[in-house]
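Examination of the molecular architecture
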Amino acid sequence: MATEPATELTFGDPGVLAAEDARDRVAGLGPWRLALRRLKRNKVALAFGALFVLIVLLCLAAPLYADHVAHTDPFKNHLTDQINVGGKLTDVVAPDGIPIGPTWHGRFFLGADGNGRDIAVRLLYGGRTSLLIGAGAAIGTILLSILLGTIAGYFRGWPDTIVSRSLDILWAFPPLLLGLALGTALALGGLKIGPISIAGDSKLIPILIISVVQVPYMARPLRGQVLALREKEFVEAARSQGASSLQIMFSEILPNLVSTIVVFFPLMVVNAIGLEAALSFLGAGVRPPNPSWGTILGEGISRIVTAPHQTIVPGLMLVLTVLSLNVFGDGVRDAFDPRAKVRVDR
Amino acid sequence: MRRVGNVLAVVGLTAITGLGVAACGSSNKSSSGSSGTSGGGKTGGSVRIGSAFPDAYDPVMIQTTQANEALQGVYTGLVTYKHVSGAGQNDLIPGLAEAMPTVSSDGKTYTFKLRPGIKYSDGTPVKASDFEHTQQRLHYLGGPFASFTNVIAGMDAFAKAKKPDADISGITSDDATGTITVKLTKADTKFLFAIALVSGAPTPAAKSPYKATNDGTIPGAGPFQIAIQNPTRQFTLTKNPNFSVDGIPAPKVDKITVVKETVPKMTQDIINNKLDFMTEDPAGDDLPLVRAKYADRFRLAPNPPNTYWFFMNETTKPFDKLEARQAVNYAIDSRALARIFGGRLQPTCNFLPPGYAGNGYEKIDPCPYGDPNGPGDIAKAKQLVQQSGDAGMSVTVWGNNKDPRPAITDYLRDLLNQIGFKAKSKILDQQVYFGTVGLAKTKAQIGFTDWFSDFPHPADFFEPNASKAALASSPTFNFQFSSNPAVDAALTKLNPQDPKSVAAEWAKVDKAMIDNADVAVYGNELSTNFFSENIDIDNCNGIGPVYKTDWLQFCLK
């Protein structure tokens, strides 16, 4: 296959980029500013980053759209209502149960679902849910991964054995199946750990589930990095000056993990959004009637022929969100670590 | 009891819509050969049926509609239900007994006499003692319908003995004369309806061991015999060569092959005439397509007879107050719920399904909370909620995840918010749902429930769902956790009597429940019957309340 040199997926000329990098080094820029400069040069990543920001802003504006444009809320049923479409009164949901398609007007812009709920409104509110769970789960994964990866990598020995084998066990389960099992089990009684009690229909449940099932994918690379860092001279120096393990971890190890974490974050959000959608689609994620892109997809799948808008629209939003964040995440990764380039075969 | 989708039909009704002439000119025909005609429709040939498959093949262990439809022709009881299309299926007729039993004046003793010379499909003679053997198996193995014959005297002692062949003192058999005498602990006309089910049909003691047997080797004395090729993929029904019972017709087709397929695949296969019938309802997009394009071979019927309602727990706030329960009844818009069912819901306010009309039962008219086919009275409902003093109270609406129940639950949540409560919903997996809301400690305030008929007797609806006796079970199906005195009094007074003779009395019980807003009824579900072009639908569709579809009736054009 590809034996020729790999190509960086940017709009910049590689020679020019190399020259600019060399100039930056001469200027003595720090790694963060250097990464920012590299990211600014990656127009594709920036374009997709802007698309992601636009999606987030649209979702944040959901209440405004619901109140002032659609005049409903994401939970309101309109099963027997009629609306004026093109001068003709039309059932929001026909007597045979088929919901109205896109009207391209304020009310039911993207049509209705089987309960006569406005899909556009639910889509925007669902986006808030999906993004919240995506970001929340990614943060949860990162915190857990830092904790476990640092303990395992820094202390080695039995803590490493316990953490690594536990991660192996977790890794042995396909994330979707594990998430499905946990989601189903926790839906009934919720989660009770000591004084902490989370209701089964709380959004914290999918956040926690996704946080946990994703941990091995991040904790293991972090552990590897900590294993390498603990042998570095600056760590030796800190140790020789009498710094405690905790001080070393916070002041020497963690700062050196930040770029990795920054690179991982958007990718973890992407994975979390995808997993949340899959779990919600299968009924083990966000609990009805709360909207998320996964639940909207799940509710519409049985009407994919007669009411395709119910599946196409949330599906499209998922694709756009995941794609934009993925490409932007790749850009961030390239900016922080130019050696890890996106390669295309020629 | 049986629950929606997987339930056995029993009570009657004839509301079969859209009768039409089947289209001609098919290709890819699955059926083969036919010769002669008998009554309405030809005899001979074979048909193929798509099914989600029985939950069991052992007659005492079955529970689902799919199992009942398949096995009702294999296992025939001492008495059985008439094999006709329509409401006539509600009528009990002699089966293996030569006549209907003689009943003692106190209604506690039933005496049957077997027809002489009858045999099971394997040639084994039917013996009077086989009936007791069946009851021993049913109760020892814990068959789903065992409770229906708890009324036989000696069942408590049999249970305590914990031995499969322990004597049931209430059953006396004489193999020489073919006489079976059954004594009940109390007069209860449900008994006869219960033993007419597949689970009550005698099977030979030597061929039906005291363990669940799912290989189809238990012979029956019905018109069909079964051969299982693969318990989860395919089985066939062929004519029982030893069958000859006056009053029960022989099957019109020679062979029925039942195969397991997904619902979309079986729908397509019927459209293309590769299958002749499907036990399931076409789902999702296929239903409107089938209704519109193949109306001539599609029928809707409320079988098995059923009722859908919202339960309201009368021991917890806010539904401990009559005004709150009435508010829900006033607010319900069955037209909205019919849309959720894809148009397959008949609005009603009656607790007993319309199938009981065939038994002389009169429905509640007018409904106390307005026309069930009209919009709900939200203003009146709001006013009642205000009167109850519980406006603004938090209410959790319980539902389960089987389609379309989440949508039904969400409808109710939205409705309660409209009339002044602060409602949220809780959706459980259907496997744990009824067991959870049926526990008193759950304190489920309001939620989804339904009931599908087990046999055509009104007590089958009232006893488990609304009686004081039902509260002795935990979990219970009486989700009100309270009982209307009129229901308990009627069960005591009317159970010993033929339900047809006291139909008007049962109707009063229904009205008492509805007037007291013990439940919020909204409709009866219509099930689908979709046939290939090969079946003579006009003459032999077999649709009815007891068998759902009686496969003995199926015939080719």
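Residues numbered from 1 in each chain as written. Chains lettered and ligands numbered in written order. Predicted model: local features only at pLDDT ≥ 70, side-chain atom pairs only at ≥ 80, totals over all residues.

Let us now look at the overall build of chain A. Across its full length, chain A carries twelve helices and four strands. Counting the 346 residues in chain A, one finds 43% classified as buried. A fraction of 69% describes how many contacts in chain A between residues 6 or more apart in sequence connect residues 24 or more apart. (Helix = DSSP H or I, 4+ residues; strand = E, 2+ residues; numbered from the N terminus. Buried ≥ 20, exposed ≤ 12 C-beta atoms within 10 Å, placed from the backbone. Contact = placed C-beta atoms within 7 Å.)

Within chain B, the regular secondary structure consists of 15 helices and 23 strands. In terms of overall dimensions, chain B is globule-like: its C-alpha atoms have a radius of gyration of 24 Å, near the 24 Å expected for 557 residues. The C-alpha extent of chain B, read off along each of the three principal axes, is 70 × 60 × 35 Å. For chain B, the proportion of its 557 residues judged to be buried stands at 58%. (Rg over C-alpha atoms; globule rule 2.2 N^0.38 Å.)

A few words on the environment of G189 of chain A. By secondary structure assignment, the location of G189 of chain A is in helix α7 (residues 175-189). Among the residues examined, G189 of chain A registers 11 C-beta atoms within 10 Å and is labelled exposed.

The next thing to look at is the pairing of strand β15 (residues 306-312) of chain B. All names here are of chain B. The element β15 is largely enclosed, with a buried count of seven among its seven residues. Direction of pairing for β15 relative to strand β19 (residues 446-452): antiparallel, over a ladder of seven bridges. Bridge assignment links T307 to a residue of β19, and that residue is W451. The pairing of β15 with strand β20 (residues 519-525) spans four bridges and is antiparallel. Each bridged residue has a counterpart across the sheet, and for W309 the counterpart in β20 is V521. (Pairing = 2+ DSSP bridges.)

Below, the discussion takes up the sheet that holds strand β9 (residues 179-183) of chain B. Residues and elements named next belong to chain B. The four strands lie next to each other as β6-β7-β9-β8, forming an open sheet whose pairing is antiparallel. Each edge of the open sheet is held by one strand with a lone partner, namely β6 (102-103) and β8 (171-174). Inspection of the sheet shows strand β7 (residues 109-113) paired to β9 by five bridges, in the antiparallel sense. Across the sheet, residue T111 finds its bridge partner in β9, namely T181.

Bringing helix α12 (residues 459-466) of chain B into the picture now. With respect to burial, α12 of chain B is a largely interior element, six of its eight residues being buried. Those residues of α12 of chain B lying buried are A459, D460, F461, F462, N465 and A466 of chain B.

Another aspect to go through is the domain arrangement of chain B. All names here are of chain B. Domains assigned within chain B are domain 1 (13-229 + 530-553) and domain 2 (306-525). Inter-centroid distance (C-alpha atoms) of domain 1 to domain 2 is 31 Å. Contacts between domain 1 and domain 2 engage 15 residues on the former and 13 residues on the latter. Residues belonging to the side of domain 1 that touches domain 2 are distributed by class as follows: nine nonpolar, four polar and two charged. (Domains from an automatic or database assignment. Nonpolar A, V, L, I, M, F, W, Y, C, P; charged D, E, K, R; others polar.)

On to the packing of helix α8 (residues 204-229) of chain A against helix α10 (residues 245-281) of chain A. All names here are of chain A. Across the interface, α8 lies against α10 with an axial gap of 9 Å and an inter-helix angle of 155°. As summarised for this structure, α8 and α10 are arranged roughly antiparallel, according to the angle between their axes. α8 and α10 meet at a crossing whose hand is right-handed. Of the residues in α10, those touching α8 at P206, I210, Q214, M218, L222, Q225, V226 and L229 are I253, N256, L257, T260, F264, M268, N271, A272, L275, E276 and L279. (Axes fitted to C-alpha atoms, helices over the stretch in contact; angles between N-to-C directions. Parallel < 35°, antiparallel > 145°, perpendicular 65-115°, else oblique. Left-handed = near helix turned anticlockwise from the far one by under 90°.)

A few words now on the packing of helix α11 (residues 293-300) of chain A against helix α12 (residues 309-336) of chain A. Two measures define how a pair of helices packs: the angle their axes make with one another and the distance between the axes. Residues and elements named next belong to chain A. Where α11 contacts α12, the axes come no closer than 8 Å and their chain directions differ by 155°. When the axes of α11 and α12 are compared, the pair comes out roughly antiparallel. As α11 runs across α12, the sense of the crossing is left-handed. Facing W293, I296, L297, E299 and G300 of α11, the residues of α12 in contact are Q310, T311, P314, G315, M317 and L318. Its residues assigned to classes, the contact of α11 with α12 shows six nonpolar, four polar and one charged.

On to the confidence of the model for chain A, then. All names here are of chain A. For chain A, per-residue confidence averages 86 on the pLDDT scale, and 89% of positions sit at 70 or higher. Per-element averaging of pLDDT across chain A places helix α1 (residues 14-27) at the bottom with 59 and helix α4 (residues 62-70) at the top with 96. Below pLDDT 50 for its whole length, residues 341-346 participates in 14 contacts with residues either more than four positions away or in separate chains. (pLDDT = per-residue confidence, 0-100.)

Another aspect to go through is the sheet that holds strand β12 (residues 255-260) of chain B. Residue and element names in this part refer to chain B. Pairing within the open sheet is mixed, and its five strands lie in the order β10-β11-β12-β3-β13. Of all strands in the sheet, those with a lone pairing partner are β10 (224-230) and β13 (277-278), marking the two edges. Two strands pair when backbone bridges link them, and β10 and strand β11 (residues 234-239) are joined in this way by six bridges, in the antiparallel orientation. Paired with A227 across the two strands is T236, which belongs to β11.

Residues and elements named next belong to chain B. Among the seven residues in strand β17 (residues 394-400), five count as buried, and that is most of the element. Here seven bridges tie β17 to strand β18 (residues 422-428), and the two strands are oriented parallel to one another. Note on β18: the bridge partner recorded for V397 is S425. Once the chain exits β17 it traverses helix α10 (residues 405-419) before rejoining the sheet at β18, and the crossover so formed is right-handed. Relative to β19, β17 runs parallel, the two sharing two bridges. If you follow W398 over to β19, its bridge partner there is G447. (Right-handed = clockwise from strand over helix to strand, strands pointing away.)

So, on to the environment of I543 of chain B. With respect to the element layout, I543 of chain B can be found in strand β22 (residues 543-544). Sequence-wise, I543 of chain B and A327 of chain B are 216 residues apart; in three dimensions their C-alpha atoms are separated by 38 Å.

Turning to its location among the elements, P249 of chain B is positioned in the loop between β11 and β12. The contact partners of P249 of chain B, leaving out residues within four places of it in the chain, are H83 and L552 of chain B.

Residues A272 of chain A together with F310, A327, L337, Y411 and A520 of chain B are the most contacted members of the largest nonpolar core, which totals 148 residues. Here this core takes 15 residues from helix α5 (residues 119-155) of chain A, the largest share from any one element. Among residues more than four places away in sequence, those in contact with Y411 of chain B are N77, L79 and N115 of chain A together with A336, L337 and I340 of chain B. Counting 71 residues, the second-largest nonpolar core is a separate cluster that includes L96, A128, F145 and F191 of chain B. (Core = buried A, V, L, I, M, F, W, Y, C linked by C-beta atoms within 7 Å.)

Residues and elements named next belong to chain B. Summing up the model confidence of chain B, the mean pLDDT is 89 and the portion of residues at 70 or higher is 92%. Under a pLDDT of 50 for its full length, residues 1-39 has, in the predicted model, 132 contacts with residues more than four places off or in other chains. With pTM at 0.84, the complex prediction returns an ipTM value of 0.79.

Let's shift gears to unusual backbone geometry. All names here are of chain B. Backbone torsion omega between N303 and P304 reads -5°, so that peptide bond is classified as cis. Turning to its location among the elements, P304 is positioned in the loop between β14 (298-301) and β15. Cis geometry marks the peptide bond from D403 to P404; its omega dihedral reads 5°. Relative to the helices and strands, P404 resides in the loop between β17 and α10. The phi torsion at F481 lies on the positive side, around 55°, for a residue other than glycine.

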